[in-house]
Amino acid sequence: MRIDVIVLSGLLLAARASDALGSDAAVPECIAPERLLVWPESDPVWMMCWLPPEESAGPRGSGLELRKVHYRGHPVLRRAHAPMLFAEYREGAGGDCYRDWKDQSAPILADIAVQGRLDFAVDPPQAITACDRSRDPTQSYGACPFRLDGYPNANATCHGGVAIEDRGDRVMLTSQYYADWYLYTSRWTFHADGRIEPVFGFGNSNGTFNSVTHWHHNYWRLEFDIDGVGNDVVSRDGIDRATEFSDVRDPHGSADGESRTWAVRNPVSGRGYRIVPGDTDYRIATDESGRGFHLVDVMVTRQHDLEYGDSPNYDLWDCAMDQAALVDGESIERTVVAFYYRAAVRDTTKNDWPPGCIGGACVAQDSMLCKQVGPVLVPLGHWEASDPRRRIRVAVPRPKIFFIPAAASFRLRLGPRCATACGQVMCSRWVCGATSFAQWPVSPGRITSVTSGGPGRNGVGVPCTQSAWPAP
Ligand SMILES: [Cu+2]
């Protein structure tokens, strides 16, 4: 049977423009304690909900957490956060190893105007964390205001929350959190052109274990749901993958050369994001410590509610990331995926690295210099044309009821107008007995097979109701 659709446009669209920031624009519904960010405030490009570290999900938190991230009205990420964070010491010296907590905000120096709300920062011109201030290979600058003369002052104070800065062509969220003497910076930049840059910095407030070479590992977790329809596909270097997998950045790669990239996309709309490692992400090889705690850079998993990492329980001494708990053969086809991305730094003490080095052959001490890592997420496909104010409405004139043979396959042929007009949205939903089907727009003329189930009325068929357009 053929699905007939009509495209409503013109006057109806004009009438709807007035409520473009209502249901049409898909403003994310933030549920307390989530806070809404809309940037810019008129004609928004980015919308999302955010949570400070102490209110983030996961065992002992997940740092600065973002939810329901929308770009130009289209859902991109259900959730983005950093739920696994580690420090490990060479040959078990010093603190041996830790799984650090991520739920204790540490003050950052920020213009009062941007503390917990969107505005322009004037003094200082950008929020400052311990990592931003770090300059000395052997000295820490302490906690906020990081020995900065003139601060705090009437304009800027040490604020234990999130700074949200309008930078003109981008919006930036900055947080910092303690794990004892460590001061971790988590910063997210959302560019007007759609790029997303998460940056993580590994700072230190008092110089503890300055004398022991050690590594830090941060794992971001990105719950992609492009277009919000639970229909994501993941590729690695352009080849789609069917099941969960782990991966490493090419050890011989470089930021401008042969590095691997991964992409998550909605195969219907063509919109998606490519995950491109940052330059500094390549500096530290996987498991450089040799302790076997962190063996992969990427894990792509099927999303499960309440699964925020390899373990639901936090233990300070769980120093190894258990990838088998996450990557275990589930399908990642046409679903919501959780993309884990790890990057690490080495804080090297004097005359200590590489192992066995002497004098000038050793890496210069840099243990108190804060290092930053992070990938770039680059948009794929056409996002601009789908401005929510000009979203095409696709309508089925009225619900239709069909009868189809019980427990048999039937086929739906999609009209070409539906296929081109629907974009990312679901064309229709079919409810046949107790079973419902989503009818996705596919290539014009392509046939989608579905199977009904259960006994039908009078034993001759299953009543199917076609309704619910477009996608919720
Ligand atoms: Cu360190």
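Residues numbered from 1 in each chain as written. Predicted model: local features only at pLDDT ≥ 70, side-chain atom pairs only at ≥ 80, totals over all residues.

S.K.: Any details on the overall build of the protein? Residues and values, ideally.
M.R.: From N to C terminus, the protein includes 3 helices and 31 strands. In the protein, once contacts between residues fewer than 6 apart in sequence are set aside, the share between residues at least 24 apart is 71%. (Helix = DSSP H or I, 4+ residues; strand = E, 2+ residues; numbered from the N terminus. Contact = placed C-beta atoms within 7 Å.)

S.K.: Can you lay out the nonpolar core for me, pointing to particular residues and giving the numbers?
M.R.: Within the largest apolar cluster, 92 residues are counted, with the highest numbers of intra-cluster contacts made by Val-337 and Phe-339. Of all the elements, strand S6 (residues 74–89) adds the most residues to this core, at 9 residues. Discounting residues that sit within four places of it in the chain, Val-337 has contacts with Phe-224, Asp-232, Val-234, Val-264, Val-300, Thr-301, Arg-302, Gln-303 and Ile-332. (Core = buried A, V, L, I, M, F, W, Y, C linked by C-beta atoms within 7 Å. Buried ≥ 20, exposed ≤ 12 C-beta atoms within 10 Å, placed from the backbone.)

S.K.: Hey, could you go over the pairing of S6 for me, with residue numbers and the actual values?
M.R.: Where burial is concerned, most of S6 is hidden: 15 out of the 16 residues are buried. Where strand S5 (residues 65–71) and S6 come together, 5 bridges link them in antiparallel fashion. Considered in S6, the bridge of His-70 is made with Pro-75. Here S5 folds back onto S6, and the loop between the two strands holds 2 residues, one of which, Arg-72, carries a positive phi near 50 degrees. Taken together, the 10 bridges between S6 and strand S15 (residues 214–224) define a ladder with antiparallel strand orientation. When the bridges of S15 are listed, Phe-86 appears paired with His-217. (Pairing = 2+ DSSP bridges.)

S.K.: Explain the environment of Tyr-151 residue by residue, including any values.
M.R.: The residue Tyr-151 is located in the loop between helix H2 (130–133) and strand S10 (156–159) in this model. Residues Tyr-151 and Asp-123, 28 residues apart in the sequence, show an inter-C-alpha distance of 9.7 Å. The contacts of Tyr-151, once residues within four sequence positions are left out, are Leu-109, Pro-145 and Ala-156.

S.K.: Residue-level account of the environment of Trp-181, with values.
M.R.: Secondary-structure assignment places Trp-181 in the loop between strand S12 (170–179) and strand S13 (182–191). By C-beta crowding, Trp-181 is classed as partly exposed, having 15 other C-beta atoms within 10 Å. Residues Trp-181 and Asn-204 lie 23 residues apart in sequence; the distance between their C-alpha atoms is 5.8 Å. Residues within four places of Trp-181 in sequence aside, it is in contact with Asn-204, Ser-205, Asn-206 and Thr-208.

S.K.: Tell me about the confidence of the model for the protein, and name the residues and values.
M.R.: Looking at the protein as a whole, the pLDDT averages 81, with 74% of positions reaching at least 70. Throughout residues 1–25 the model reports pLDDT below 50, and contacts reaching past four residues in sequence, or to other chains, amount to 40 contacts. Throughout residues 385–428 the model reports pLDDT below 50, and contacts reaching past four residues in sequence, or to other chains, amount to 140 contacts. (pLDDT = per-residue confidence, 0-100.)

S.K.: Please provide a residue-by-residue account of unusual backbone geometry, values included.
M.R.: In this structure, the amide linkage connecting Cys-144 to the following residue, Pro-145, adopts the cis form with an omega of 10 degrees. Following the sequence through the fold, Pro-145 ends up in the loop between H2 and S10. In the segment running from Trp-353 into Pro-354, the intervening peptide bond is cis, with an omega of 0 degrees. Along the chain, the position of Pro-354 falls in the loop between strand S22 (337–347) and strand S23 (372–373). Unlike most non-glycine residues, Asp-96 shows phi in positive territory, near 70 degrees. In this fold, Asp-96 is placed in the loop between S6 and strand S7 (97–99). The phi angle at Asp-180 is positive, at roughly 55 degrees, despite the residue not being glycine. Relative to the assigned elements, Asp-180 resides in the loop between S12 and S13. With 16 C-beta atoms counted inside 10 Å, the residue Asp-180 sits in the partly exposed group.

S.K.: How would you sum up the environment of Trp-101? Please name residues and give values.
M.R.: Positionally, Trp-101 belongs in the loop between S7 and strand S8 (108–111). Distance from Trp-101 to Pro-59, taken between C-alpha atoms, is 8.2 Å for residues 42 residues apart in sequence. Setting aside residues no more than four positions away along its own chain, Trp-101 makes contact with Arg-60, Gly-61 and Ala-179.

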